[in-house]
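Coordinate inspection notes
Here is what each chain is made of, one letter per residue.
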Amino acid sequence: FTFASGTSFYRQIFPDDTLSLGFSATAMHWLSRLPGTIADHVQAVGATSAEKENFRRQSLEDWTTILLLRARELRPGGKLVVANFCVDEEGRYLGATGGVNMFDAFARHWRGLMEAAAITEAEYRAATLPQYYKTPEDFTSPFADPDSPVRRAGLVLEHVSTRVTGCPYAADFAVHRDPTTFAKAYVPTLRSWTESTFLGALDPRRSPAERQAIVERFYGAYEAEVAEAPEGHGMDYVHCFMSMSKE
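Since this is a predicted model, take the numbers as computed values, not measurements.

1. Observations regarding the pattern of salt bridges
When the charged atoms of two side chains with opposite charge come close together, those side chains can pair. Tallied over the entire structure, the rule returns 18 salt bridges. Arginine 111 is the salt-bridge partner of aspartate 40, the closest N and O atoms lying 3.2 Å from each other. In this pair, aspartate 40 sits in the loop between β1 (19-25) and α1 (49-73) while arginine 111 sits in helix α2 (residues 102-115), placing the two residues 71 residues apart along the sequence. Taking the relative accessible area as the measure of exposure, arginine 111 reaches 22% and is therefore partly exposed. Here arginine 191 and glutamate 195 are joined by a salt bridge, their closest N and O atoms 3.0 Å apart. With arginine 191 and glutamate 195 both in helix α7 (residues 179-201) and four residues apart, the pair spans about one turn of that helix. Grouping residues by exposure puts arginine 191 and glutamate 195 together as buried. Each member of the salt-bridge network shares a partner with another, and the members are Asp88, Glu90 and Arg92.

Have a look at this one:
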């Protein structure tokens, strides 16, 4: 039997000892709460050491919460398979695998709006994505100690590996070589999971139309940059793959 539930993986979804197979992909980098803002960037990959440590600490707490909840739900012998964004052994992460750094581009265009007086400094600083990309060591740390809460709950790590999956939009561009087509396909994909953060950073005293116009200007500038100089842009996925079972 398959099951879909419109709830959060930060809550228990199934009764104890009932789940045979759990799977999640490209989701658990989203934190349960925002542990702070980032003064001069939009994601933890560009944070200061102190800012980044706040995000790492929250991410590790969240990871333990997720694992303990899944351990309760899994029946003995049940499997949990996850594919999560990470910073891999070579320091690569989503949108930063050797070309234009995607998150630096976000920060640069958002900062440009502040420098153009289109947004305030407070609005600039409020745009912080509630995400953190763990390393493989972060992901496996709850399994390293046999007396950890995760291990005491019966969860055993069976496999861990990392892999880079090339950006399909960049791959298409390598064939059709049309910068405008590439930009119009690529940037809206980035917008689909970032717009709520940038829109939410704007002062609610602004009218909805004004806020929407600012966001359109923001993504429009990014799209224009990609169309003007497409080489190096792309959103390669960097995943940590894990398989776990319940004893």
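And the narrative resumes.
2. Let's talk about the sheet that holds strand β2 (residues 74-85)
The four strands lie next to each other as β1-β2-β4-β3, forming an open sheet whose pairing is mixed. Of all the strands in the sheet, the pair left with one neighbour each is β1 and β3 (155-165). Neighbouring strand axes in the sheet, compared pairwise and without regard to direction, differ in orientation by 10° on average. As paired strands, β2 and strand β4 (residues 237-246) are joined by seven bridges and run antiparallel to one another. For valine 82, the partnering residue across the bridge sits in β4 and is methionine 242. The sheet strands contacting α1 are β1, β2, β3 and β4, and the helix crosses β2 at an angle near 150°.

3. A look at α7
A maximum bend of about 60° is found in α7 at threonine 194. Between the side-chain oxygen at the start of α7 and the backbone nitrogen of threonine 180 there is a gap of 3.0 Å, and the oxygen is on aspartate 178.

4. Describing the pairing of β2
Regular strands have side chains that alternate between both faces of the sheet. Bridging between β1 and β2 involves six bridges; their strand directions are parallel. Residue pairing for β2: glycine 22 is matched across the bridge by leucine 80. The handedness of the β1 to β2 crossover, carried by α1, is right-handed.

5. Details of the nonpolar core
Met102, Phe103, Phe106, Trp110, Tyr186, Trp193 and Tyr222 are the most contacted members of the largest nonpolar core, which has 37 residues in total. Put simply, the parts of the chain that give this core at least two residues each are α2, α7 and α8 (208-228). If we ignore the near neighbours within four places in the chain, the residues touching phenylalanine 106 are Val42, Leu190, Trp193, Thr194, Phe198, Phe218, Tyr219 and Tyr222. Listed in part, the 19 residues of the second largest apolar core include Trp63, Leu67, Ala71 and Phe139.

What counts as what
- Residues numbered from 1 in each chain as written.
- Predicted model: local features only at pLDDT ≥ 70, side-chain atom pairs only at ≥ 80, totals over all residues.
- Heavy atoms only, no water.
- Salt bridge = Lys/Arg side-chain N within 4 Å of Asp/Glu carboxyl O.
- Helix = DSSP H or I, 4+ residues; strand = E, 2+ residues; numbered from the N terminus.
- Buried < 20%, exposed > 50% of the residue type's maximum accessible area, 1.4 Å probe, protein only.
- Pairing = 2+ DSSP bridges.
- Axes fitted to C-alpha atoms, helices over the stretch in contact; angles between N-to-C directions.
- Contact = heavy atoms within 4.5 Å.
- Bend = angle between axes of the 7 residues up to and from the residue.
- Polar contact = N/O pair within 3.5 Å; in protein donor to acceptor, adjacent residues only side chain to side chain.
- Right-handed = clockwise from strand over helix to strand, strands pointing away.
- Core = buried A, V, L, I, M, F, W, Y, C linked by side-chain atoms within 4.5 Å.

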